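Overview (structure and organization)
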Amino acid sequence: MRNFNGSALRSIALACAFAAVGSGAVLPERVLAQPAAAARGLPDFTDLVDQVGPSVVNIRTVEKASSRANANGMDEEMLEFFRRFGVPIPNMPRQQRPQRPQDDEPQPRGLGSGFILTGDGYVMTNAHVVEGADEVIVTLTDKREFKAKIIGADKRTDVAVVKIEATGLPAVKVGDVGRLRVGEWVMAIGSPFGLENTVTAGIVSAKQRDTGDYLPFIQTDVAINPGNSGGPLINMRGEVVGINSQIYSRSGGFMGISFAIPMDEAIRVSDQLRASGRVTRGRIGVQIGQVTKDVAESIGLGKPQGALVSGVEAGSPAEKAGVEAGDIITRFDGKAIEKVADLPRLVGNTKPGTKSTLTVFRRGASRDLPITVAEVEPDKPAAKSVEREEKPKASPAAQQLGLAVTELSEAQKKELKIKGGVLVASATDAAARAGLREGDVILAVANTEVAGVKEFEAVLAKADKGKAINVLYRRGEWTQYVLIRPSR
């Protein structure tokens, strides 16, 4: 008997099928439908390594032992790993600890990676790679070594630029982060544990991952380890789309989650560092929090979006513009604030002195407020806590929610810079379950401002006791919403 392979059998089956069609027979659907599955092979990174590899450098730093001594006998690369990712440094037997070197003797501090940004010697890396270094040594793939000058470093974004005296260097090509897609193949080149020119690859796991005020990180599953910090994340077009910066780990080792600084953010920072050696950021002087689904529905906002203003700094641009605690900032300079982290990024990337517009949602309506962006400055100390000058007096209307409130004195209103409100003397039952406590200042109830106890009781008297009531309250410098759900 003749043997047929799978392909021959399928051909015979199709021939029989077409013959049956000619005779008027009805064929099963599985015979007629024969979709051709697109075969996709794994990517080949060899050409990318040849193309981008010469632009990746090894960075070695040195500092005096007095500023940071290795006191547990562990390799500097591993110490850098523990320091960077917050992993506790394991205890080691005292007999294994080396003698402390002389204070004036330079000691190797750590290893990292970087990449050539311009052909005339500007190199980009992480700020934590060069932080505290007395000397930075850059090694190229052709084994040439250069002492580098730190042009500038920005801790907030973890971006640094150093300069070596060389020309004609192979600079990287910067890619468009906006074109980067989740699931796309990417590659990293660096010096993990000092192993130069090491290549790892993976895919983009997520974009816009919130882990900091100013950075929407790129999340990947590319293997990143100590020494990879500062190296490039490269797409399949040979373009640098990010700087490998962090990993997520519970064990101290790589666990399949790493984070890269988006290249558009890094370039914005590096341009300022090269121009002035520092980064200036905008500020408007507000403390903000998340808008929850329950709060958004209760105040008529619809969907949870924007940034809830929990406090306004005295004399800040926000105060001058008329921003109030309890406002929901929904747009900045015409750009939508979808989540709370969007606001500090947009404001921070705005040049100080720029005239912009804030769109705020306040008690059921949106309004535009003109504002002039200021420059970021050190945080001011917290204001003093509210002092209670009256003895607690229970309010009958408030007691239904487990609240006892009193009037605020004029001195307290002046100190807190508010026009009205009531002071919580005690919070029990539903109010306590919602999170209110003694000393809080209630500013609004059921989306209505209250000037004092009389107005507070009047609003509660009209409120539907069977539904949750939204309360805007202040605690210290922070203002936020809470929903009190009466017991059924």
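Per chain, residue numbering runs from 1 following the sequence as it is written. Owing to the predicted nature of the model, reporting of local features is limited to residues with pLDDT of at least 70; listing and counting of side-chain atom pairs is limited to 80 or more, with chain, interface and lining totals taken over all residues. With hydrogens and water excluded, all non-hydrogen atoms of the structure serve as input to the side-chain values.

Topic: the overall build of the protein chain
- When you go through the protein chain residue by residue, the secondary structure sums to 13 helices and 27 strands.
- Think of it in three bands: residues with accessible area under 20% of the maximum for their type are buried, residues over 50% are exposed, and the middle band is partly exposed, with areas taken using a 1.4 Å probe on protein chains only. For the protein chain, the proportion of its 488 residues judged to be buried stands at 45%.
- Relative to all contacts within the protein chain whose residues are 6 or more apart in sequence, the contacts with residues 24 or more apart total 62%.
- Accessible surface, the protein chain as shown: approximately 25300 Å² in total, 50% of it carbon and sulfur. Elements are defined by DSSP. Helices are runs of H or I of four residues or more, strands are runs of E of two residues or more, and each kind is numbered from the N terminus. Only heavy atoms matter for contacts: two residues are in contact if any of them lie within 4.5 Å across the pair. Note on areas: these come from Shrake-Rupley sampling with a 1.4 Å probe, and a residue is covered only by the protein chains present in the view.

Let's talk about the confidence of the model for the protein chain
- With 75% of its residues at a pLDDT of at least 70, the protein chain reaches an overall mean of 80.
- The score called pLDDT rates the predictor's confidence residue by residue, from a low of 0 to a high of 100. For the protein chain, per-element mean pLDDT is lowest for helix α2 (residues 29-32), which scores 44, and highest for strand β3 (residues 122-125), which scores 97.
- Segment residues 66-73: pLDDT under 50, and 18 contacts once partners within four positions in sequence are set aside and those in other chains are kept.
- In this model, residues 91-103 is a region of pLDDT below 50 whose contacts with residues beyond four sequence positions or in other chains number 18 contacts.

Some thoughts on a nonpolar patch on the surface
- Patch membership needs two things, relative accessible area over 30% and no salt bridge, and members are linked within 9 Å if like-charged or within 5 Å if nonpolar (Val, Leu, Ile, Met, Phe, Trp, Tyr). Just to be clear on terms, a salt bridge is a Lys or Arg side-chain nitrogen sitting within 4 Å of an Asp or Glu carboxyl oxygen. Among the surface-exposed residues, Leu42, Trp185 and Met236 lie close enough to one another that they form a single nonpolar patch of about 320 Å² accessible area.
- Position of Leu42 relative to the elements: it lies in the loop between α2 and α3 (46-52).
- Overall, Leu42 belongs to the exposed group, its relative accessible area being 75%.

Comments concerning the side chain of Asn58
- In this structure, Asn58 sits in strand β1 (residues 56-64).
- Judged by its relative accessible area of 6%, Asn58 falls in the buried class.
- Filtering out sequence-adjacent residues up to four positions away, Asn58 remains in contact with Leu111, Gly112, Ile137, Val138, Thr139, Ser191 and Glu196.

Some remarks on the pairing of strand β22 (residues 403-407)
- In terms of burial, β22 is largely enclosed, as four of its five residues are buried.
- For two strands to be treated as a pair, DSSP must find at least two bridges joining them. Across five bridges, β22 lies against strand β23 (residues 422-427) in antiparallel orientation. When the bridges of β23 are listed, Leu403 appears paired with Ala427.

Focus: the side chain of Arg281
- If you trace the backbone, Arg281 turns up in the loop between α6 (263-276) and β14 (282-283).
- A 3.5 Å cut-off defines polar contacts: any pair of N or O atoms within that distance qualifies, except that in protein one atom must be a possible hydrogen donor and the other a possible acceptor, and neighbouring residues in sequence count only when both atoms are side-chain atoms. There is a polar contact of 2.4 Å between the side chain of Arg281 and the side chain of Asp154.

Quick notes on the pairing of β3
- By the alternation rule, side chains of β3 split into Tyr122 and Met124 and Val123 and Thr125, which are all buried.
- One ladder, built from four bridges, connects β3 with strand β6 (residues 159-163); its direction is antiparallel. Directly across from Met124, in β6, lies its bridge partner Val161.

A word on the nonpolar core
- Remark: nonpolar core denotes a set of buried residues (Ala, Val, Leu, Ile, Met, Phe, Trp, Tyr, Cys) joined through side-chain atoms within 4.5 Å. Grouped together as the largest cluster of nonpolar side chains are 37 residues, with contacts concentrated most on Phe115, Met124, Ile243 and Met263.
- With residues up to four places along the chain from it excluded, the contact list for Ile243 reads Phe115, Met124, Asn126, Val159, Gly230, Gly231, Phe259, Ala260, Ile261, Met263 and Ala266.

Considering α6
- Between its first and last C-alpha atoms α6 spans 20 Å; for 14 residues at 1.5 Å apiece the expected length is 20 Å, and the two agree.
- Within α6 the residues assigned to the buried category are Met263, Glu265, Ala266, Val269, Ser270 and Leu273. Angularly, the buried residues of α6 cover 145° about the axis, an arc narrow enough to put them on a single face. In α6, the exposed residues that point more than 90 degrees away from the buried face are Ala275 and Ser276.
- In the stretch just after α6, Gly277 is the one whose phi turns positive, near 80°. Take the number of residues in a helix, subtract one, and multiply by 1.5 Å to get its expected span. Here the arc refers to the set of directions running from the helix axis out to each C-beta atom.

Concerning the packing of aromatic side chains
- Centres within 6.5 Å make a pair out of two Phe, Tyr or Trp rings, where for Trp the six-membered ring is used; the pair is then stacked when the planes are under 30 degrees apart, edge-to-face when over 60, and tilted otherwise. One pass over the structure, following the stated rule, counts two aromatic pairs.
- Between Phe217 and Phe259, the ring centres sit 6.0 Å apart and the planes meet at 65°, which makes this aromatic pair edge-to-face. Taken together, the residues span a long stretch of sequence, with Phe217 in strand β10 (residues 216-220) and Phe259 in strand β13 (residues 258-262) at a distance of 42 residues.
- Residue Phe259 is classed as buried on the basis of its relative accessible area of 10%.

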